[in-house]
Every structure is written in C-alpha cells, then in structure tokens.
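# Structure at a glance
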Amino acid sequence: MRRLIVLIIPIAILASAALFAGQTPDITLCQGIAAQIRQDAANSPNDPIAPLFKGDHPYIETPPTTPDIRVLGNSAQFHELFRQKFHPSDAMSDALDDFSSEVMQVFSLPDSNLHMIQTVEGSAHCFDFRFFWMSANGESQPLPNLPRKGTRDGENMICEGFGDHGTVARIAGSDAFVETMWSPEDSNSDIRVVPFRGGSWGPACKVEADFGTDYSVSKVFVPPNGPISDVAIKEVAAEIIEQHAAAKDPKSFTFGPPVPEGDQDNVHTMETLAAKMQRNRYGKSPIPFPAFGHENELDAFQSTLGLIDNYPVVLYGNIYLAAIGRGVIGWRVCPDCSGLILYTLNNGQLQPVGSAIVQQTRGALKSVRATPWTLRH
C-alpha cells in the first residue's frame, strides 16, 4: 500500500501539471509588470521593484497592512472571530477545522471578493495560505489552493526567511496571487503571478528582473604589525569578492598572479588546515570572523562567515589563503554582505592576518522578461 501511495502522488502532480499545461499560458499580467519595471528603472534606478507596490495608485495593489483578523496561537479564538465576520459555509468550516498556527491572519483586497487566510510558522517565517470568497447569501466559501510551483514539497514553500513573500493582489484591474522572490546570492528579483479568474486560479507566469551588483568595502581589520596593511586589503577586497561572484565555476576562480611552484606545498598545507577548520560532521561549518579586538564593530550578520570557498592568492608579493564567504546567522544568509579573511602559515598553523567586509548593493537594471511559469522538477 505504501508503495502504491508513493506512486500515486507523483502521478497526481504530473496530472495537475498536464492540466495547466493544456491551458494556454497568459503572460499579459507579467508583461505589464515587466514594462512597468523598465519604466520605473528610469525614475528609480536603485530599486525599480519597490515602486510597483507604492503610491496612491500602485501598479500592484495589495491588501492593507492591517489585517481583518489577527490572532496569535489561539485557534479557537481565530475560528470564532472568523465565524462572526465571514459566516463560513459548512465547506468553509470544514476547511478551517484543521487550520492552526502561531500566527493566523485574514487579508482582503479592497473592492474584491478574493480573501486570503495567512498563517506564519517557524523561525524562517514560512507562510501557508487558504483562500475564500463571499457568496450571494453572505456565507464565505472556500476556493482552490494555489497551483504547485514544483513537483517537490520544498519547492512549493514560501518563506520570508528564504527571500520569498506572497499575497493576494490586483494587477491592472485583475485579481491575482503575487509572490516576490529574491536570492542572497545576487541582486536579481523574480515575481510569480497566478491570475484569479472565474473563481479559479489560472496558469502562472514569471517576471525575471536581472540587475548588476555594486561592491564596496565597508570594514577592514588587521592585527598590529601584520604582514599586510588595512589600506592594501581595502584596495583589493571588493574586486576579489566581485570576481568570485562572477565566476561561473567557483572551483576555477583565481585572482592575481599564479602561485610560484616552490610555494605549492605550503599552499596545500593551508588548504588542508582550512578545510578541517571549516568542517563538522554535517559538512561545511561557519567560522568566527576575525576582527582582531574590534569585534564590537561587527554587525549581527558580520560576526560569522559561512558558505566559504578557499583560494591561494598572491598579493603584493606575499602568498595568502583567502577565505571568501557570506555573513550568516545559523541558516540565514546575509543578503548584502560578504567577507574576506586572509591567512598565512605560521609554525604549521593557519594564522589570520587581515579581514574585510564587502557590501553588495543593487546596481542598474540589466534585463527584464516575462515568461510562463515552468513547473520545477
């Protein structure tokens, strides 16, 4: 029986995908958003995404920030308030029976019959949604769930901690569900739009906005009497981080002149020591970011470096092992800061001799395009 269930689930997902694939994708809403981003890029070059949601008449209208109902951790209270305000039908009551969360909210689009119940769970702030409408007799009726984004459960999550946010919205007069997505690895933004028409969700489309990234050194730390100065590190740190981010294959990344053949053994020793220091039984482990007595100057995301790659570099005639990574707090990755640590070999041990924090800011819009949403596998 268990094997049968396992087989049925993928078949159901593929059948659902086939159903939506059979419908003609309508990317009109996404094309309109892409055109608006191009227009806003001329007026707001630093962030043409934010103006989509702002102003007296935003291009993407979202519900008021104050929800119709908001209850923390009390399902019975939420259900009672919901019954008083939205008069659920039997089907809606059944849909609410297994619905509980630490945070339960209801949002409504102005002048629309589309309403959304939103729950929030966990430290990643993962959202779950239920949708409903009000029938002519004044009862709330459940609506279908959103179409799936991918074939695996994890691909269908919408978590603020991972850079995603979703809400009901009105785009150019049409009701829809809008999900904004960004990655801490770059400055790009994606917008997924699921149109709501005729009481059901249509095939989704996607807007992909690609931006350049500007890099600048915000902090540099060196120990007293170290082999490299803070000025020297500041001159190269942003360039190192930028070139590393641009490398299609991080394993092939290099910076500066090649390491002399006679120093290859020392480099291998440093790489081995770094790999041991940065590894635990679960894989790569974050490490404390060295500030050489100035740790109080580090912000929250700057005190620990994770997602580290190690490379030998020759700077001003000296050989260092450069650890390049992102600021992290647990599983959370800093969206706009990277770190560089320089090591030398001292009595068979790695010794940090300099470090830098490099900030990333969104640069100019490079391209924006609208496409049908492709089911992730």
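See above for the structure.
Residues numbered from 1 in each chain as written. Predicted model: local features only at pLDDT ≥ 70, side-chain atom pairs only at ≥ 80, totals over all residues. Heavy atoms only, no water.

Under the counting rule described, the total for this entry stands at twelve aromatic pairs. Geometrically, the ring pair formed by Phe82 and Phe132 is edge-to-face, given 5.1 Å between the ring centres and 70 degrees between the ring planes. With Phe82 in helix 3 (residues 75–86) and Phe132 in strand 5 (residues 126–134), this pair connects stretches of sequence that are 50 residues apart. Summarising the burial analysis for this pair, Phe82 and Phe132 share the class buried. Between Phe253 and Tyr311 the ring centres are 4.8 Å apart and the planes differ by 75 degrees, which places this aromatic pair in the edge-to-face class. Residue Phe253 is found in the loop between helix 5 (230–246) and helix 6 (264–277), and its partner Tyr311 is found in strand 16 (residues 304–315); the two are separated by 58 residues along the sequence. Assigned by exposure class, Phe253 and Tyr311 land together as buried. What links up through ring pairs into an aromatic cluster is the set Phe127, Phe129, Phe131, Phe177, Phe196 and Trp201. If you follow Arg192 out to its NZ or CZ, it ends over the ring of Trp373, 5.4 Å from the centre. When the ring centre of Phe211 is taken as reference, the NZ or CZ atom of Arg362 above it lies at 4.2 Å. (Phe/Tyr/Trp six-rings, centres within 6.5 Å; stacked < 30°, edge-to-face > 60°. Helix = DSSP H or I, 4+ residues; strand = E, 2+ residues; numbered from the N terminus. Buried < 20%, exposed > 50% of the residue type's maximum accessible area, 1.4 Å probe, protein only. Lys NZ or Arg CZ within 6 Å of the ring centre and 35° of its normal.)

Right, let's get into the state of the cysteines. With the rule as written, the count across this model stands at three disulfides. Across a sulfur-sulfur distance of 2.1 Å, Cys334 and Cys337 are joined as a disulfide pair. Taking the sign of the S-S torsion, about 135 degrees here, the bridge from Cys334 to Cys337 comes out right-handed. Cysteine pairing for the protein chain, with bonded cysteines counted in sequence order: 1-4, 2-3, 5-6. (Disulfide = S-S within 2.5 Å.)

Here the focus is helix 6. The periodicity of an α-helix, 3.6 residues per turn, causes residues three or four places apart in sequence to face the same way. In a regular helix each residue adds 1.5 Å, so 14 residues correspond to 20 Å; helix 6 covers 20 Å between its end C-alpha atoms and thus fits that length. The complete set of buried residues in helix 6 reads Val267, Met270 and Ala274. In an axial view of helix 6, the angular spread of the buried residues amounts to 65 degrees, which keeps them on one side of the axis. In helix 6, those exposed residues whose orientation departs by more than 90 degrees from the buried face are Asp265, His268 and Lys276. On its buried side, helix 6 packs onto strand 16, strand 17 (318–329), strand 18 (332–346) and strand 19 (349–372). (Expected span 1.5 Å × (residues − 1). Arc of directions from axis to C-beta. Contact = heavy atoms within 4.5 Å.)

Okay, the packing of helix 3 against helix 4 (residues 90–97) next. Contact geometry of helix 3 with helix 4 gives a least axis separation of 11 Å together with a crossing angle of 160 degrees. Considered as vectors, helix 3 and helix 4 are oriented roughly antiparallel to each other. Crossing handedness for the pair helix 3 and helix 4: right-handed. Counting all contacts with helix 3, which are made through Phe78, His79, Phe82 and Arg83, the residues of helix 4 involved are Met92, Leu96 and Asp97. (Axes fitted to C-alpha atoms, helices over the stretch in contact; angles between N-to-C directions. Parallel < 35°, antiparallel > 145°, perpendicular 65-115°, else oblique. Left-handed = near helix turned anticlockwise from the far one by under 90°.)

One can find Thr361 in strand 19. Linking Thr361 and Ser200, residues 161 residues apart in sequence, is a C-alpha distance of 39 Å. Contact partners of Thr361, with chain neighbours within four places excluded, come to Ser187, Gly212, Thr213 and Asp214.

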